[in-house]
Amino acid sequence: MHKVRKAVFPVGGLGTRFLPATKTVPKEMLTVVDKPVIQYVVDEARAAGIEHLIFVTGRSKAVIEDYFDAQVELYTTLAARGKKEELEHLKDIQPHPGTTSFTRQQQPLGLGHAVWCARELVGEEPFALLLPDMLMQAKKGCLSEMVELYGKTGGNIVSVQECRPEEARQYGLIGKGCSIAHGFRITTMVEKPQKGKIPSNLYINGRYILQAGIFKILEQQECDSDNEIQLTDAMLKLSAIEPFYGFHFRGKTFDCGSKTGFIKANVAFALARDDLRDQVILTLNDLLKDAIRKRASYMDTEG
Ligand code: G1P
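Residues numbered from 1 in each chain as written. Predicted model: local features only at pLDDT ≥ 70, side-chain atom pairs only at ≥ 80, totals over all residues. Heavy atoms only, no water.

(A) Broad picture of the nonpolar core. Judged by nonpolar contacts, the single largest core of 46 residues is most densely connected at Phe-9, Phe-55 and Leu-143. Ranked by the residues each element gives to this core, the list is headed by helix H1 (residues 37-47), at six residues. Contacts of Leu-143, omitting those with residues within four sequence positions, involve Glu-44, Ala-45, Ala-48, Ile-50, Ala-128, Leu-130, Tyr-208 and Ile-209. In this structure, Val-8, Ile-186, Met-189 and Leu-231 belong to the second largest nonpolar core, which totals 32 residues. (Core = buried A, V, L, I, M, F, W, Y, C linked by side-chain atoms within 4.5 Å. Buried < 20%, exposed > 50% of the residue type's maximum accessible area, 1.4 Å probe, protein only. Helix = DSSP H or I, 4+ residues; strand = E, 2+ residues; numbered from the N terminus. Contact = heavy atoms within 4.5 Å.)

Below, the structure written as structure tokens:
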């Protein structure tokens, strides 16, 4: 069985929900506490043993490539100012030379198309796919757990979690079959299901291990009515010819593609930090008390 060595990060999206911030700053570079969103996802991939990072970018995303490059002038300045800790940290998170690749998705044709754009860089081996909008919080990284499961099952794996019925329309949903190792067989997959066509309450939360066979399917797949090539549709086709498993992630997932998800992630990651927790609890407490009081008095005057 091939080791999962490469990870693909689709970072070409426009991020229109975060305008005007995303007019000049890619949404993947927005910060959760003090790190860009993309850094969290890359950290998760590296913790899972990923050796090569493949970014599928787009126009106006060059800053992501700069971010993962060495910043020699900054390093020199930090060294001259005796900022040893900051310097060490920057060097630590900098990928080794030759372990990052960048390619552009030249047309906004959806997630399936973005993944297909990475085919030459991935080659014939299995790869991880991490959607940077989705940040995870858990003792062990979601991808690390999936790689462990992959060691037992091989094949293709998609991570899932429960969602509320009203959220089902935003995601890809799966049908759950019999259990295998710490995962289960997938019976069906449907992207953004209509009411009445929801196979379960388990949604795809943005982490995948896929075999290179997906590229051939994506190559032949037509655009849907939104002019997008859906990855979920291609995975469903792949599941008819290759083993496909689900992994039930038990940690927390924050959908940073939405404003509330992004705010929640900021609060949750700040609360997880020893250097910030106490201060953040006090601040939130004050803000909440104030907001609840204002809301109550507004309700009184209205009602
Ligand atoms: C994509 C996938 C969907 C998945 C979601 C997770 O949708 O197509 O299956 O559930 O990411 O964020 P998008 O967010 O691109 O609409």
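(B) Quick look at the site of the ligand. Neighbouring the ligand are Leu-111, Leu-131, Met-134, Tyr-171, Gly-172, Glu-191, Lys-192, Ile-204, Tyr-208 and Thr-232. Ile-204 places a main-chain nitrogen or oxygen 2.7 Å from an oxygen atom of the ligand. The contact in question runs from an oxygen atom of the ligand to an N or O atom on the side chain of Thr-232, over 3.4 Å. In isolation the ligand has 380 Å² of accessible area, and contact with the protein removes 78% of it. (Near = heavy atom within 4 Å. Polar contact = N/O pair within 3.5 Å; in protein donor to acceptor, adjacent residues only side chain to side chain. Areas by Shrake-Rupley, 256 points an atom, 1.4 Å probe, with all protein chains shown as cover.)

(C) Spotlight on the packing of helix H8 (residues 213-220) against helix H9 (residues 231-239). At a closest axis distance of 9 Å, the pairing of H8 and H9 adopts a crossing angle of 120 degrees. Of the possible angle classes, the one that applies to H8 and H9 is oblique. When you trace H8 past H9, the crossing you get is right-handed. Along its contact with H8, which presents Gly-213, Ile-214, Ile-217 and Leu-218, the element H9 presents Leu-231, Ala-234, Met-235, Lys-237 and Leu-238. Here the contact of H8 with H9 is composed, by residue class, of seven nonpolar, one polar and one charged. (Axes fitted to C-alpha atoms, helices over the stretch in contact; angles between N-to-C directions. Parallel < 35°, antiparallel > 145°, perpendicular 65-115°, else oblique. Left-handed = near helix turned anticlockwise from the far one by under 90°. Nonpolar A, V, L, I, M, F, W, Y, C, P; charged D, E, K, R; others polar.)

Everything listed here is a matter of coordinates, which is why it stays silent on function.
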